[in-house]
Amino acid sequence: MRVVFSPYYSIDLGPHHPFPMAKYSRVHRRLREDGTVAAAAVLAPAPVSEEALRRVHTADYVSRFLGGDLTGREERRLGFRWSPELVRRALYATGGTLLAARNALRDGIAANLAGGSHHAFAGHGEGYCAFHDMGVAIRALQEEDRARRVAIVDLDVHQGNGSAAILGEDPRVFTFSMHCESNYPLQKVPGSRDLGLPDGVGDAEYLALLERELDLIWSRFRPELVFYQAGVDPLAGDRLGRLCLTREGLRRRDAAVLHRCLATETPAVIVMGGGYSASLEETVEAHADTVRVAYALLAGDSLTQRDTDGTDGTQKEKS
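Below is a summary of the structure that appears in this document.

Rules of the game
- In this convention, every chain numbers its residues from 1, walking through the sequence in written order.
- Selection of residues for local features in this predicted model requires a pLDDT of at least 70, selection of side-chain atom pairs for listing and counting requires 80 or more, and totals for whole chains, interfaces and linings are taken over all residues.
- Excluded from the side-chain calculations are hydrogens and water; all other atoms, namely the structure's heavy atoms, are used.
- Think of it this way: any DSSP run of H or I at least four residues long counts as a helix, any run of E at least two long counts as a strand, and we number them from the N terminus.
- Buried, partly exposed and exposed residues are distinguished by accessible area as a fraction of the type maximum, computed with a 1.4 Å probe on protein chains only: under 20%, between the cut-offs, and over 50%, respectively.
- Only heavy atoms matter for contacts: two residues are in contact if any of them lie within 4.5 Å across the pair.
- At least two bridges found by DSSP between two strands are what make those strands a pair.
- Crossovers are marked right-handed if the path from the first strand over the helix to the second runs clockwise, as seen with the strands pointing away from the viewer.
- Fitted lines through C-alpha atoms give the axes, limited to the stretch in contact for helices. The angle between two N-to-C directions lies from 0 to 180 degrees.
- Buried residues of nine kinds, namely Ala, Val, Leu, Ile, Met, Phe, Trp, Tyr and Cys, make up a nonpolar core once their side-chain atoms join them within 4.5 Å.
- Space inside and on the surface of the protein is sampled on a 1 Å grid over the protein atoms alone, with a cavity defined as a set of points where a 1.4 Å probe fits but cannot get out and a pocket as an open set with protein on both sides within 12 Å along at least 5 of 7 lines; lining residues have an atom within 4 Å of a point.
- Grid points are joined across faces, edges and corners, and a volume is the space filled by probe spheres set on the points.
- When residues are sorted by character, Ala, Val, Leu, Ile, Met, Phe, Trp, Tyr, Cys and Pro go into the nonpolar class, Asp, Glu, Lys and Arg into the charged class, and all the rest, Gly among them, into the polar class.
- A side-chain nitrogen of Lys or Arg and a carboxyl oxygen of Asp or Glu constitute a salt bridge if their distance falls within 4 Å.
- A pair of aromatic rings is counted whenever rings of Phe, Tyr or Trp (Trp by its six-membered ring) have centres within 6.5 Å, and the orientation is called stacked for planes under 30 degrees apart, edge-to-face for over 60 and tilted otherwise.
- By the criterion adopted, a ring carries a charge over it if an Arg CZ or a Lys NZ lies within 6 Å of its centre and within 35 degrees of its normal.
- Under the rule applied, a polar contact is a pair of N or O atoms within 3.5 Å (in protein, one hydrogen donor and one hydrogen acceptor; residues adjacent in sequence only if both atoms are side-chain atoms).

## Details of the environment of P185
- Topologically, P185 is positioned in the loop between strand 5 (173–180) and strand 6 (193–197).
- Under the relative-accessibility criterion, P185 is labelled buried at 4%.
- Along the sequence, P185 and H119 sit 66 residues apart, while their C-alpha atoms lie 8.7 Å from each other.
- Residues in contact with P185, not counting those within four places in the same chain, are H119, Q159 and N161.

This is the structure:
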């Protein structure tokens with residue numbers, strides 16, 4: 001299993017910005033330090049091309065974003081002030097998802113330690129999402145005739161409105177979002193399948209519903225490639241979430257999706273999505289758990305404490 005990462009994924013937003021930009025480099029560092037990911041398994045992405053972006057986004061938006069010509073209103077909708085560093089970050093993170101997708105098709109599972117920008121629309125960015133990395137990767141693979149039946153399994157706490165808007169009319173793509181109904185965005189864009197949950201849903205109810213929905217996706221659509229948006233903002237206490245999953249619940253959620261992909265020989269692309277716990281370390285560990293779970297499943301291990309949190313000092317590096 002290959003993991004895609006670039007130091008360009010993290011940029012300085014200043015001390016008071018609510019988006020935890022430092023999480024990307026911290027997740028990578030943690031997975032290397034605890035031995036989950038070997039150095040040889042880490043791939044460096046190239047920036048995505050303008051041609052690839054324009055298969056998903058309007059030429060006007062791509063040109064103005066790259067050239068720094070966004071209006072103040074557009075910046076507020078995006079949630080970031082424009083900067084050359086923001087442009088570089090968006091290009092590398094989107095390129096990272098495409099690289100991860102190519103490796104998933106070869107190896108079965110791959111992860112981008114960024115991405116999952118499911119709020120980006122064709123003509124604008126919003127909700128901390130500049131470019132729709134999953135859509136860009138899907139369109140690139142479709143252009144190469146390597147993505148005939150693609151499902152997005154979006155388990156971020158927020159509905160994947162950009163995914164539905166960009167890909168919802170494509171019969172080759174199934175967009176599934178399981179999210180908190182009362183949360184952002186207030187105006188949902190219906191996708192292929194949406195499940196809005198009430199505030200406060202915990203592990204048992206969430207996992208039972210997820211198994212039902214995975215059964216439905218595989219029986220109705222039979223995907224040949226899955227993009228797994230593994231946002232960790234369903235975690236209890238998340239500042240921008242209203243669900244109540246425990247860290248163990250999130251691990252079991254990840255295992256449910258990835259085991260389904262492995263059992264059906266469906267390549268899976270993991271992208272990180274959101275996470276806004278009051279403690280940055282809690283967010284980092286939850287994101288790292290998703291990669292730990294993937295490695296554990298590939299190794300045929302059960303989801304023990306050692307497998308998922310790297311606390312056992314005897315854990316070996318994996319490739």
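## A short note on the side chain of T97
- The residue T97 is located in helix 5 (residues 84–107) in this model.
- On the basis of relative accessibility, which here comes to 0%, the residue T97 falls in the buried class.

## Some details on the pairing of strand 7 (residues 225–229)
- For strand 7, a buried count of five out of five residues is recorded, marking the element as mostly surrounded by other parts of the structure.
- The pairing of strand 4 (residues 150–154) with strand 7 spans five bridges and is classified as parallel. Bridging from a neighbouring strand, V153 pairs with Y228 of strand 7.
- The β-α-β motif built from strand 7, the intervening helix 9 (residues 247–263) and the parallel element strand 8 (residues 268–271) has right-handed crossover chirality.

## A closer look at the sheet that holds strand 5
- Strand order across the open sheet formed by eight strands is 2-1-3-8-7-4-5-6, with parallel pairing between neighbours. The open sheet is flanked by strand 2 (42–43) and strand 6, the only strands paired with a single partner.
- One ladder, built from five bridges, connects strand 4 with strand 5; its direction is parallel. Bridging across to strand 5, V150 finds its partner in V173.
- Across the sheet, helix 5 is in contact with strand 1 (2–4), strand 2, strand 3 (109–112), strand 7 and strand 8; its angle to strand 3 comes to roughly 170 degrees.

## Looking at the nonpolar core
- By size, the foremost hydrophobic cluster in this structure holds 102 residues, and its most contacted members are F65, Y206 and F227.
- Counting residues per element, this core draws most heavily on helix 5, which supplies ten residues.
- Apart from residues lying up to four places away in sequence, F227 is in contact with T97, A101, M134, A137, I138, V150, A151, I152, V153 and V269.

## Notes on the layout of surface pockets
- Volume-wise, the largest pocket comes out at about 430 Å³.
- Counting residues per element, the ones that place at least two in the lining of the largest pocket are helix 1 (23–33), helix 4 (72–78) and helix 5.
- Here the lining of the largest pocket is built from residues that sort into 13 nonpolar, 13 polar and seven charged.

## Let's talk about the pattern of salt bridges
- On inspection of all chains with the given rule, the structure shows 27 salt bridges.
- Close ionic contact of D170 with R139 constitutes a salt bridge, the shortest N to O distance being 2.6 Å. Here D170, found in the loop between helix 7 (161–167) and strand 5, pairs with R139, found in helix 6 (residues 133–143); they are 31 residues apart in sequence, far enough to count as distant.
- Judged by relative accessible area, which is 17%, R139 ranks as buried.
- R247 serves as the salt-bridge partner of D289, at 2.6 Å between the closest nitrogen and oxygen. Within this pair, whereas D289 is found in helix 10 (residues 280–298), its partner R247 is found in helix 9, the two being separated by 42 residues in sequence.

## Overview of the pairing of strand 5
- Among the eight residues that make up strand 5, eight are buried, leaving the element largely enclosed by the rest of the structure.
- Taken together, strand 4, helix 7 and strand 5 constitute a β-α-β crossover, and its handedness is right-handed.
- In terms of strand pairing, strand 5 meets strand 6 through five bridges, oriented parallel. Bridging from a neighbouring strand, M178 pairs with L195 of strand 6.

## Considering the packing of aromatic side chains
- Overall, the coordinates contain twelve aromatic pairs when judged by the stated rule.
- When the ring of F65 is compared with that of F131, the centres are 4.9 Å apart and the planes differ by 70 degrees; the resulting orientation is edge-to-face. On the criterion of sequence distance, the pair formed by F65 in helix 3 (residues 59–67) and F131 in the loop between strand 3 and helix 6 is long-range, its members being 66 residues apart. By the burial criterion, F65 is buried, and F131 matches it.
- Their ring planes at 45 degrees and their centres at 5.5 Å tell us that F174 and F221 sit as a pair that is tilted. Of this pair, F174 sits in strand 5 while F221 sits in the loop between helix 8 (203–220) and strand 7, and the two are 47 residues apart along the sequence.
- Given a relative accessible area of 5%, F174 falls into the buried group.
- Taken together, the ring pairs in this structure connect F19, Y24, F80, Y128 and Y276 into an aromatic cluster.
- Sitting above the plane of the Y276 ring, K23 keeps its charged end 6.0 Å from the centroid.

## Notes on the side chain of E285
- Structurally, E285 can be placed in helix 10.
- A distance of 2.6 Å separates the side chain of E285 from the side chain of R30, its partner in a polar contact.

Everything listed here is a matter of coordinates, which is why it stays silent on function.
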